[in-house]
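Observations on the three-dimensional arrangement
Read off the chains here:
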Amino acid sequence: MAVVGFAKLEALMRKAAGLDIDKNKAKEITDIVEKKLYDLLLIGERNAKFNGREVIWECDVPLTKGFLESIQKFKALEEELPLQDILDFLATKPPLKYPLEAELEKKLPEIVGTLLYILARIMKEVDPAVRKPSSEDIERAGRILDLTM
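Keep in mind the model is a prediction, meaning the values are calculated, not measured.

Turning next to the pattern of salt bridges. Any two side chains of opposite charge can pair if their charged atoms end up close together. In total, this model carries 16 salt bridges according to the counting rule given. Residues joined in a network through salt bridges with shared partners are Glu10, Arg14, Asp20 and Arg131.

So, on to the packing of aromatic side chains. Counting across every chain of the model gives zero aromatic pairs. Positioned above the aromatic ring of tryptophan 57 is the side chain of arginine 53, whose terminal nitrogen or guanidinium carbon lies 3.9 Å from the ring centre. Across the ring face of tyrosine 38, the terminal group of lysine 93 is positioned such that the distance to the ring centre comes to 5.2 Å.

In the Ramachandran plot, glutamate 78 falls in the positive-phi region, its phi being about 55° despite a non-glycine side chain. Note that glutamate 78 resides in the loop between helix H3 (65–76) and helix H4 (83–90). The exposure class of glutamate 78 is exposed, given its relative accessible area of 68%.

Quick notes on the rules
- Counting restarts for each chain: residues are numbered from 1 in the order of the written sequence.
- Per-residue local features are limited, in this predicted model, to residues with pLDDT of at least 70; the limit for side-chain atom pairs, both in listing and counting, is 80 or more; totals at the level of whole chains, interfaces and linings are taken over all residues.
- No hydrogens and no water enter the side-chain calculation; it runs on all heavy atoms of the structure.
- The rule for a salt bridge is simple: a side-chain nitrogen of Lys or Arg has to be within 4 Å of a carboxyl oxygen of Asp or Glu.
- Think of it this way: a Phe, Tyr or Trp ring, Trp meaning its six-membered ring, pairs with another when their centres are within 6.5 Å, and the plane angle makes it stacked under 30 degrees, edge-to-face over 60, tilted otherwise.
- To sit over a ring, a charge needs its Lys NZ or Arg CZ within 6 Å of the ring centre and within 35 degrees of the ring normal.
- Helix and strand assignments follow DSSP, with helices taken as H or I runs no shorter than four residues and strands as E runs no shorter than two, numbered in order from the N terminus.
- Accessibility here uses a 1.4 Å probe with only protein chains present; expressed as a share of the type maximum, an area under 20% marks a residue as buried, one over 50% as exposed, and anything in between as partly exposed.

If you want it as structure tokens, here you go:
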């Protein structure tokens, strides 16, 4: 189960950066975003433990100033992602030791949407002329995301 369906992904990529995504590329994109979401939650878990809590709060998840600004840009696109798809994805991963606080769980669609937004913007920044990103474009954007987050 992917964190986002194809129709939502296609609409978001188009609105965020004018990208046309085909179904073959959708899995490559969602794989990157799913990995990064899980990475963020793992670090959130580590931060919660460091702070003496057994629940992961939103403030435990390492969201940078740029990420928080990108959340606002994602929200401006008026694309909503279903929480259940994200929870279904997380159920396929090794369970976290600590549960997510209810407020953080509610924000997961914004976090996933913002990761998709950022990935689209990276592809457009690297090659402003790109309309239909190749696998290489997607992989490059994923490596940049890994280096910066």
